[in-house]
Amino acid sequence: MTPISFSPWDMFLNAGPVVRCVMILLAAASLLTWTIFIAKSVELLRVRLKLQKAEKALEEANTLDLSEEWTRGNSSIAHTLVMAAETERKRSADIPDDSEGLKERIVLHLERLEAAEGRRLLRGTGVLATIGATSPFIGLFGTVWGIMTSFTGIAASKATSLAVVAPGIAEALLATALGLVAAIPAVVIYNHLARQTASCRAQVADLTALVMRLVSRDLGRTQMLMAQGNIVRIGPQARDVRTVAGE
């Protein structure tokens, strides 16, 4: 009697078409999980480094214009935040005495940019949650189907020996094992990437606070110059009184 091999590869080759398709699907899900893990880990590492560099630049900048210049070469969201604040300030030049309203409009714009960045950082991680939640049940489906096939074969051959049904059951149980192999890393990796993403989102929130600090500082300087009489209003523009006198 030829001995039956119970290696995973031989059990895969000897499995029925449905169980084999389940195994292939679970193997593809596991491969996708590790691909997402490597890609997102590299992406989040680069994002953290860029955000740290941008945060240092905004900490050292004294004005919004200077921060725009220092973050211009940074491909992170920092330059986008600064430009959004600068754009809103220019658009509000015709309402110079509305400092609080200007701050509110800038905050609303920056909050939307911050939320969009958070969604971008989470992109791809939802697949991990789906794999972690569904893989055990997909594997269980393959197991149930394989056991049904084995018992059907027993009934057809009218053999009651365990040696007849054991290979089919072993092949079916391999589907459950593959389901767990795909699900467990997916859940662990999802939680890990969620923590890394939360850290990056906190850094983006810090950048938003730094931009608002620069906006508030610039507005404070403008109000101080107006109180000292060094700025006069001509139409929508604020001009230094010394420049007007020179003209």
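Residues numbered from 1 in each chain as written. Predicted model: local features only at pLDDT ≥ 70, side-chain atom pairs only at ≥ 80, totals over all residues. Heavy atoms only, no water.

The test is simple: UniProt positions are given in the numbering used here, feature names are shortened, and annotations may be inferred rather than shown by experiment.
The protein is annotated in an unreviewed UniProt entry as Biopolymer transport protein ExbB of Komagataeibacter rhaeticus. Its UniProt record, at the heading Sequence similarities (unreviewed entry), says of the protein: "Belongs to the exbB/tolQ family." Of the protein, the UniProt comment under Subunit (unreviewed entry) reads exactly: "The accessory proteins ExbB and ExbD seem to form a complex with TonB."

Points about the packing of aromatic side chains
Each aromatic ring pair is summarised here by two numbers: the centre-to-centre distance and the angle between the ring planes. For the record, the criterion: Stacked, tilted and edge-to-face are the three classes assigned to paired rings of Phe, Tyr and Trp, where Trp is represented by its six-membered ring and a pair needs centres within 6.5 Å; plane angles under 30 degrees give stacked, over 60 edge-to-face, the rest tilted. The numbering of helices and of strands both runs from the N terminus, where a helix is a DSSP run of H or I of at least 4 residues and a strand a run of E of at least 2. Buried residues are those whose accessible area, probed at 1.4 Å on protein chains only, stays under 20% of the maximum for their type, while exposed residues exceed 50% and partly exposed ones sit between those limits.
By the definition in use, this model includes two aromatic pairs. Where Trp 34 meets Phe 37, the ring centres are 5.9 Å apart and the plane angle is 85°; that geometry is what we call edge-to-face. Within this pair, Trp 34 and its partner Phe 37 are both found in helix α2 (residues 17–60), separated by three residues, close to a single helical turn. Using a relative accessible area of 25% as the deciding quantity, one classes Phe 37 as partly exposed. Ring centres of Phe 141 and Trp 145 lie 6.0 Å apart, and the angle between their planes is 45°; on these two criteria the pair is classed as tilted. On the criterion of helical spacing, the pair formed by Phe 141 and Trp 145 is a turn pair, its members being four residues apart in helix α6 (residues 125–157). By relative accessible area, which is 44% here, Phe 141 ends up partly exposed. In this structure Trp 145 comes out as partly exposed when scored by relative accessible area, which is 36%.

Here we look at helix α4 (residues 77–91)
What counts is decided by this rule: Any helix carries an expected span of 1.5 Å times its number of residues minus one.
Helix length check: α4, at 15 residues, gives a terminal C-alpha distance of 21 Å against a target of 21 Å (1.5 Å per residue), a fit within 8%. Those residues of α4 that fall on the buried side of the exposure criterion are Ile 77, Ala 78, His 79, Leu 81, Val 82, Ala 84, Ala 85, Glu 86 and Glu 88.

Quick word on a nonpolar patch on the surface
Filter applied, for reference: Each patch is assembled from residues with relative accessible area greater than 30% and no salt bridge, linking like charges that lie within 9 Å and nonpolar side chains (Val, Leu, Ile, Met, Phe, Trp, Tyr) that lie within 5 Å. Residue-level accessible areas treat just the shown protein chains as cover; the underlying method is Shrake-Rupley with a 1.4 Å probe. Just to be clear on terms, a salt bridge is a Lys or Arg side-chain nitrogen sitting within 4 Å of an Asp or Glu carboxyl oxygen.
On the surface, a cluster of nonpolar side chains totalling about 620 Å² of accessible area is made up of Phe 137, Leu 140, Phe 141, Val 144, Trp 145 and Met 148. Among the residues examined, Val 144 registers a relative accessible area of 41% and is labelled partly exposed.

With respect to the nonpolar core
For the record, the criterion: What is meant by a nonpolar core is a set of buried Ala, Val, Leu, Ile, Met, Phe, Trp, Tyr and Cys residues, joined one to another through side-chain atoms within 4.5 Å. Throughout, a residue-residue contact means that at least one pair of heavy atoms, one from each residue, lies within 4.5 Å.
Membership of the largest hydrophobic core comes to 30 residues, with the highest contact counts inside it found for Leu 207 and Val 211. Secondary structure elements with two or more residues in this core: α2, α4, α5 (99–121) and α7 (162–228). It is α7 that provides the largest number of residues to this core, a total of 11 residues. Not counting residues up to four positions away in its chain, the partners in contact with Val 211 are Leu 58, Leu 64, Leu 81, Val 82, Ala 85 and Leu 110.

Some details on the side chain of Thr 33
Along the chain, the position of Thr 33 falls in helix α2. Apart from the residues within four sequence positions on either side, Thr 33 is in contact with Leu 128, Ile 131, Ala 182, Pro 185, Ala 186 and Ile 189.

Thoughts on the packing of α4 against α5
Applied cut-off: Here, axes are lines fitted to C-alpha atoms. For helices the fit covers the stretch in contact, and angles between N-to-C directions go from 0 to 180 degrees. Oblique is the label for any angle not covered by the other classes, which are roughly parallel (under 35 degrees), roughly antiparallel (over 145) and roughly perpendicular (65 to 115). If you view the pair so one helix is near and one far, a crossing is left-handed when the near helix is turned anticlockwise from the far one by less than a right angle, and right-handed when it is turned clockwise. Residues are sorted three ways: Asp, Glu, Lys and Arg are charged, Ala, Val, Leu, Ile, Met, Phe, Trp, Tyr, Cys and Pro are nonpolar, and all the rest, Gly among them, are polar.
Here α4 crosses α5 at 155°, and the two axes come no closer than 9 Å. Taken together, the axes of α4 and α5 are roughly antiparallel relative to one another. For the pair α4 and α5, the crossing hand works out as right-handed. Touching Ile 77, Thr 80, Leu 81, Ala 84, Ala 85, Glu 88 and Arg 89 of α4 are Leu 102, Arg 105, Ile 106, His 109, Leu 110, Leu 113 and Glu 117, all from α5. Taken together, the residues of the contact of α4 with α5 sort by class into eight nonpolar, two polar and four charged.

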